[in-house]
Amino acid sequence: MTHSASSARAQPFTDGVGAGFASLLRSWREAGDARVPIVMGIVNVTPDSFSDGGQFFRTEAAIEHGLRLHDEGAAILDVGGESTRANAEPVAADEEIRRILPVIEALTANGILVSVDTMKAEVAKAAVSAGAQILNDVRGLLGDPEMAAVAARTGAGVIAMHNQGVFGSAKPMEIDPVAGCIAFFRRALDVAHEAGVAEDRLVLDPGFGFGKSPEQNLQLLARFGELQTLGLPLLAGTSRKSFIAKVAGADETDRLAGTLATNVLAALAGAAIVRVHDVAEHAAAMRIAAAIRGADTSK
């Protein structure tokens, strides 16, 4: 499948796995206070994801969806083949690979920067072989003991998400959520550094909606800037999460306004990446948020 695109981000990366991600992050860092957060579009190749389960389960539907999100402004596409919602059925590695590989191959053939959303090193390795450049690990390198080694060996980028193994749960953390995330990230970074993962392609994600109460998710947003203490780029992944519905009184099909509000706040607090279902709306909102941040002359 081919796709015509004239944008700069549609050019293929030729200098190694993860180098394109490192370059994208470097450009973001160098843009100063008015830097626009990178938009990552979600491509769920699953029958049971919490928001769009089944809608893009067919390979062709997932590819078309990914190409559309790219055209709407997604600089990265995050492809996943296993739902992490509450009570989701686990997916065997071979089935997860079967679901995502043709999608990754088609998207990367079009020069698109692709992330694989997986907690399994076996899946991550296969995804990189198919063209993925980033490993989005929902266990933050503290789940599968081989994940960091795969990243180091291939040079892939890594997004390490805070998650103590409680998927899709609103069970509260037992300690202050910011302190808990930072402590978790320190352990994850120890693993990454020990394995030899390049620091210029590491991103941290506080894991909104994973093992946190609605109140703790709001606390993490209100104090998002404090997570920058480790000096690494941050990802905000609030898109259509249930805590938004709880606050706004919206159902799962009507969470766009709440998601935009949370991501604008994260952008103003310094988020490098927003991971979203609704790309076009967020691409515009991120430009506005960046312009406001850049206009602040009181710094």
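Residues numbered from 1 in each chain as written. Predicted model: local features only at pLDDT ≥ 70, side-chain atom pairs only at ≥ 80, totals over all residues. Heavy atoms only, no water.

A.B. asks: Sorry if this is basic, but what is going on with a nonpolar patch on the surface here?
C.D. replies: A grouping of Leu 268, Ile 288 and Ile 292 is seen on the molecular surface, where their side chains present a nonpolar patch of about 280 Å² in accessible area. One can find Ile 292 in helix α10 (residues 279–294). (Patch = residues over 30% accessible without salt bridge, like charges linked within 9 Å, V, L, I, M, F, W, Y side chains within 5 Å. Areas by Shrake-Rupley, 256 points an atom, 1.4 Å probe, with all protein chains shown as cover. Salt bridge = Lys/Arg side-chain N within 4 Å of Asp/Glu carboxyl O. Helix = DSSP H or I, 4+ residues; strand = E, 2+ residues; numbered from the N terminus.)

A.B. asks: What is the right way to read the pairing of strand β5 (residues 157–161) from this model?
C.D. replies: Moving residue by residue along a regular strand, the side chains alternate between the two faces of the sheet. Among the five residues in β5, five count as buried, and that is most of the element. Residue alternation in β5 divides its side chains into two sets, Gly 157, Ile 159 and Met 161 and Val 158 and Ala 160, and both sets are buried. As defined by bridge partners, strand β4 (residues 134–137) adjoins β5 across four bridges and the pair is classed as parallel. Considered in β5, the bridge of Ile 134 is made with Gly 157. Between the parallel pair β4 and β5, the chain is carried across by helix α5 (residues 147–154), and the sense of this crossover is right-handed. Bridging between β5 and strand β6 (residues 202–205) involves four bridges; their strand directions are parallel. Bridge pairing links Ile 159 to Val 203 in β6. Remark: the β5/helix α6 (residues 177–195)/β6 crossover connection has right-handed handedness. (Buried < 20%, exposed > 50% of the residue type's maximum accessible area, 1.4 Å probe, protein only. Pairing = 2+ DSSP bridges. Right-handed = clockwise from strand over helix to strand, strands pointing away.)

A.B. asks: Mind showing me how you'd approach the packing of aromatic side chains here?
C.D. replies: Tallying each qualifying case throughout the model produces three aromatic pairs. Consider the rings of Phe 184 and Phe 185, whose centres lie 6.2 Å apart with planes at 75 degrees: the pair is edge-to-face. The ring of Trp 28 has Arg 35 sitting right over it, with the charged end atom 4.0 Å from the ring centre. (Phe/Tyr/Trp six-rings, centres within 6.5 Å; stacked < 30°, edge-to-face > 60°. Lys NZ or Arg CZ within 6 Å of the ring centre and 35° of its normal.)

A.B. asks: Explain the packing of helix α3 (residues 93–109) against helix α4 (residues 121–129) to me, please; I cannot follow it from the model alone.
C.D. replies: When two helices pack together, their arrangement is given by the angle between the helix axes and the distance between those axes. Across the interface, α3 lies against α4 with an axial gap of 10 Å and an inter-helix angle of 20 degrees. The orientation of α3 with respect to α4, classified from their angle, is roughly parallel. The interaxial crossing formed by α3 with α4 has right-handed handedness. Contacts between α3 and α4 involve Ala 93, Glu 96, Ile 97, Ile 100, Leu 101 and Ile 104 from the first element and Glu 122, Val 123, Ala 126 and Ala 127 from the second. Here the contact of α3 with α4 is composed, by residue class, of eight nonpolar, no polar and two charged. (Axes fitted to C-alpha atoms, helices over the stretch in contact; angles between N-to-C directions. Parallel < 35°, antiparallel > 145°, perpendicular 65-115°, else oblique. Left-handed = near helix turned anticlockwise from the far one by under 90°. Contact = heavy atoms within 4.5 Å. Nonpolar A, V, L, I, M, F, W, Y, C, P; charged D, E, K, R; others polar.)

A.B. asks: What's the story with the environment of Gln 133 in this structure? I'm lost.
C.D. replies: Within the secondary structure, Gln 133 is located in the loop between α4 and β4. In the structure, Gln 133 is positioned 115 residues away from Gly 18 in sequence and 4.8 Å away in space, judged by C-alpha atoms.

A.B. asks: Before we go on, may I ask you to explain α4 in this structure?
C.D. replies: Side chains of residues three or four places apart in an α-helix project in the same direction, reflecting 3.6 residues per turn. Three or more residues of α4 are buried, namely Ala 121, Val 123, Ala 124, Ala 126, Ala 127 and Val 128. Residues of α4 that are buried make contact with α3, β3 (113–117), β4 and α5.

A.B. asks: Is there a simple way to explain the nonpolar core in this structure?
C.D. replies: For soluble globular proteins, nonpolar side chains are generally found buried alongside one another. Of all hydrophobic cores here, the largest spans 69 residues; its most connected members are Val 79, Ile 104, Leu 135 and Phe 224. With eight residues, the single largest contributor to this core is α3. Once you skip the residues sitting within four places of it in the chain, Ile 104 turns out to touch Val 79, Val 114, Val 116, Ala 127, Ala 130, Gly 131 and Ala 132. Of all hydrophobic cores here, the second largest spans 14 residues; its members include Ile 38, Ala 75, Ile 134 and Ile 159. (Core = buried A, V, L, I, M, F, W, Y, C linked by side-chain atoms within 4.5 Å.)

A.B. asks: Is there a simple way to explain the packing of α4 against α5 in this structure?
C.D. replies: Following both chains from N to C, one finds α4 and α5 inclined at 20 degrees, their axes separated by 8 Å at the closest point. In this view, α4 runs roughly parallel relative to α5, as classed from their interaxial angle. Seen from above, α4 lies across α5 with right-handed handedness. Of the residues in α5, those touching α4 at Ala 121, Ala 124, Lys 125 and Val 128 are Met 147, Val 150 and Thr 154. Its residues assigned to classes, the contact of α4 with α5 shows five nonpolar, one polar and one charged.

A.B. asks: Help me out: how do you make sense of the sheet that holds strand β1 (residues 38–44) in this one?
C.D. replies: Whenever strands of a sheet pair, they do so through backbone hydrogen bonds, lying parallel or antiparallel. The parallel open sheet is built from eight strands, whose spatial order is β6-β5-β4-β3-β2-β1-β8-β7. Edge strands, defined here as strands with exactly one partner in the open sheet, are β6 and β7 (235–236).

A.B. asks: Whenever I open this one, the pairing of strand β8 (residues 273–276) confuses me. Can you help?
C.D. replies: What you see with β8 is no split at all: Ile 273 and Arg 275 on one side and Val 274 and Val 276 on the other are buried throughout. Direction of pairing for β1 relative to β8: parallel, over a ladder of four bridges. Residue Gly 41 lies in a different strand from β8, and its bridge partner there is Val 276. Here two bridges tie β7 to β8, and the two strands are oriented parallel to one another. Looking at the pairing, Leu 235 lines up with Ile 273 of β8.

A.B. asks: Can you help me understand the environment of His 70 in this one?
C.D. replies: Considering the arrangement of structural elements, one finds His 70 in helix α2 (residues 59–72). Under the relative-accessibility criterion, His 70 is labelled buried at 1%. In this structure, the C-alpha to C-alpha distance between His 70 and Ala 280, residues 210 residues apart in sequence, is 9.4 Å.

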